[in-house]
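# Results of the structural survey
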Amino acid sequence: KMLRATIEMDPSIVTTYDMLGRLYMSQGKLDQALTQFETLAQKQSRPVEALTMAGMILRQQGKNDLARARYEQALGLDPNAATAANNLAWMLTESGEDLDRAVDLARIATAASPDAPAVMDTLGWAWLKKREPRLAIPLFQRCVELEPSNGWYHYHLGLAYDQAGERDRARASLQRAFRAGTNTAT
């Protein structure tokens, strides 16, 4: 109520929209959160974060085309917007559409966050989809080093080893993935 009242009193305070959007997200009120981030994007001159957040919400809602559009808008304002680059890279990799662009975007994100396993995983996944397992393996190995309990990273490493023809290593990584489980999101 306080945040909405603050917005009514002074709609020019953009941080209030961000705070309200994040509050709605934490409560699972995605439609309201989306409205706040869209409004925030209209009020800012370079709404990279607001557009990225809107893209993330739209993706959670299964509105992938709209999510992609928001990520593209954010990258149009800032070609080095790491989160938008990473998320769009993941979407492109999953769809198999433009793997060269996916790699480029994932590299942007990795340059901004070189020790973030989720970002390294995106770049590794793009390389794997491009059938370049030798480029993916070191990234997945680093993910596993940083988060050894994340089953997805072991799984991706196992797939990369398999694609590289390293069957014993693939089997070992896939067994670790099975033991760790894949309930942890990447």
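Above: the structure in question.
Throughout what follows, the structure given in this document is the object of discussion.

What counts, and at which threshold
- Residues numbered from 1 in each chain as written.
- Predicted model: local features only at pLDDT ≥ 70, side-chain atom pairs only at ≥ 80, totals over all residues.
- Heavy atoms only, no water.
- Helix = DSSP H or I, 4+ residues; strand = E, 2+ residues; numbered from the N terminus.
- Expected span 1.5 Å × (residues − 1).
- Buried < 20%, exposed > 50% of the residue type's maximum accessible area, 1.4 Å probe, protein only.
- Core = buried A, V, L, I, M, F, W, Y, C linked by side-chain atoms within 4.5 Å.
- Contact = heavy atoms within 4.5 Å.
- Axes fitted to C-alpha atoms, helices over the stretch in contact; angles between N-to-C directions.
- Parallel < 35°, antiparallel > 145°, perpendicular 65-115°, else oblique.
- Left-handed = near helix turned anticlockwise from the far one by under 90°.
- Nonpolar A, V, L, I, M, F, W, Y, C, P; charged D, E, K, R; others polar.

Our focus in this paragraph is helix α6 (residues 82-95). An ideal rise of 1.5 Å per residue puts 20 Å on 14 residues; α6 measures up with 20 Å between its terminal C-alpha atoms. Within α6, 10 of the 14 residues are buried, which leaves the element mostly enclosed by the surrounding structure. Of the positions making up α6, those classed as buried are Ala84, Ala85, Asn86, Asn87, Leu88, Ala89, Trp90, Met91, Leu92 and Thr93. Taken from the residues just after α6, Gly96 is the one with a positive phi, measuring 70°.

Right, let's talk about the nonpolar core for a bit. Judged by nonpolar contacts, the single largest core of 50 residues is most densely connected at Leu75, Leu105 and Phe140. Not counting residues within four places of it along the chain, the set of residues in contact with Phe140 comprises Asp121, Gly124, Trp125, Leu128, Tyr153, His156, Leu157 and Ala160.

This part covers the environment of Gly96. Here Gly96 lies in the loop between α6 and α7 (99-112). In sequence terms Gly96 and Gly62 are 34 residues apart; their C-alpha atoms lie 18 Å from each other.

Right, let's talk about the packing of helix α4 (residues 48-60) against α6 for a bit. Where α4 contacts α6, the axes come no closer than 9 Å and their chain directions differ by 30°. Between α4 and α6, the angle is such that the two are roughly parallel. For α4 against α6, the interelement crossing comes out left-handed. Side by side, α4 and α6 meet where Thr52, Met56 and Arg59 of the first sit next to Thr83, Ala84, Asn87, Trp90 and Met91 of the second. Here the contact of α4 with α6 is built from residues that sort into four nonpolar, three polar and one charged.

Looking now at the packing of α7 against helix α8 (residues 117-129). In a packed pair of helices, the relevant descriptors are the angle between the two axes and the axis-to-axis distance. One way to put it is that α7 packs onto α8 with a least axis distance of 9 Å and a crossing angle of 160°. As judged from the angle between their axes, α7 and α8 are roughly antiparallel. Crossing of α7 against α8: the hand is left-handed. For the pair α7 and α8, the contacting residues are Leu99, Ala102, Val103, Ala106, Arg107, Ala109 and Thr110 in the first and Val119, Thr122, Leu123, Ala126, Trp127 and Lys129 in the second.

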